[in-house]
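Close look at the chain arrangement
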Amino acid sequence: MRATLALAISLLGATLVLAQVEQPVAGKGSEQRHDYAELSKAPDKARMRRNPIEGDANGVAAGRKLFEQHCAECHGATGEGGKKAPSLSAREIQEATPGTLFWLLTNGVVRRGMPVWSKLPEAQRWQLVMYLRTLRMETPTDSTPKTEAK
Ligand code: HEC
């Protein structure tokens, strides 16, 4: 029993030493939580812009395909985030207006590794925006058609 305790304590000690050794490297700021500050820079006009294909029933599915083609390599297969890019299911993304996300895709954050997507046709960028906005949900609800009240 005492031996186990002693082992545990020495392990803890070793971990602390390691943590101290690593600190100067990790302390550079690269490991900080992503702040999504770029989204707050969208001009009002861009922010308020309406999605012209809002009612498009295929928008989300098309957006998902585009995402797999263009975005998954950095942001992960379902936008969960990866080594190269932050998660896209974060609250900051989900609270952003469609216009803000469209603006971000159009302009990128080039100096920090997020490419510009202005070469994709506008409709495709809106489809991507529609897909991004489903990432907050655990289960996709886009497959359940809403019956219109008559
Ligand atoms: C080469 C890697 C790469 C690819 C490909 C990529 N991204 Fe990003 N993306 C990034 C990085 C890095 C950031 C973080 C930028 C920053 O620090 O603001 C980012 C940020 C974002 C953000 C959040 C903006 C913010 O403030 O951080 C969104 C939304 C986004 N990407 C969507 C997409 C979509 C949609 C695609 C596909 C069309 C895509 N990204 C493709 C690297 C990538």
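Residues numbered from 1 in each chain as written. Predicted model: local features only at pLDDT ≥ 70, side-chain atom pairs only at ≥ 80, totals over all residues.

Some details on the site of the ligand
- Around the ligand sit 24 residues, and of these Glu38, Cys71, Cys74, Gly113 and Met114 come closest.
- Among the secondary structure elements, those contributing two or more residues to the shell around the ligand are helix H4 (72-75), helix H6 (98-107) and helix H7 (122-132).
- Its residues assigned to classes, the shell around the ligand shows 17 nonpolar, 3 polar and 4 charged. (Near = placed C-beta within 6 Å. Helix = DSSP H or I, 4+ residues; strand = E, 2+ residues; numbered from the N terminus. Nonpolar A, V, L, I, M, F, W, Y, C, P; charged D, E, K, R; others polar.)

Details of the nonpolar core
- Counting residues in each nonpolar core, the largest one holds 18 residues, and the members touching the most others are Leu101, Phe102, Leu128, Val129, Tyr131 and Leu132.
- Breaking this core down by element, the ones donating at least two residues are helix H3 (59-70), H6 and H7.
- When residues of this core are assigned to their parent elements, the largest contribution, 6 residues, is made by H7.
- Setting aside residues no more than four positions away along its own chain, Phe102 makes contact with Arg49, Arg125, Trp126 and Val129. (Core = buried A, V, L, I, M, F, W, Y, C linked by C-beta atoms within 7 Å. Buried ≥ 20, exposed ≤ 12 C-beta atoms within 10 Å, placed from the backbone. Contact = placed C-beta atoms within 7 Å.)

Some points on H3
- With 12 residues, H3 should reach 16 Å at 1.5 Å per residue; the first-to-last C-alpha distance of 16 Å fits that figure.
- Elements that come into contact with the buried residues of H3 comprise H4 and H7. (Expected span 1.5 Å × (residues − 1).)

Considering the packing of H3 against H7
- In contact at an axis separation of 7 Å, H3 and H7 are set at 100 degrees when each is read in the N-to-C sense. Between H3 and H7, the angle is such that the two are roughly perpendicular. Touching Gly59, Val60, Ala62, Gly63, Arg64, Leu66 and Phe67 of H3 are Gln124, Gln127, Leu128, Met130 and Tyr131, all from H7. (Axes fitted to C-alpha atoms, helices over the stretch in contact; angles between N-to-C directions. Parallel < 35°, antiparallel > 145°, perpendicular 65-115°, else oblique.)

Some words on H7
- With respect to burial, H7 is a largely interior element, 8 of its 11 residues being buried.
- Taken residue by residue, H7 has Arg125, Trp126, Gln127, Leu128, Val129, Met130, Tyr131 and Leu132 as its buried positions.
- Looking at the buried positions of H7, the neighbouring elements they touch are H3, helix H5 (91-94) and H6.

Here's the deal with unusual backbone geometry
- Even without glycine at this site, Tyr36 takes up a positive phi of about 55 degrees.
- Summarising the element assignment, Tyr36 is placed in the loop between helix H1 (2-26) and helix H2 (44-48).
- Overall, the presence of 18 C-beta atoms within 10 Å leaves Tyr36 in the partly exposed class.

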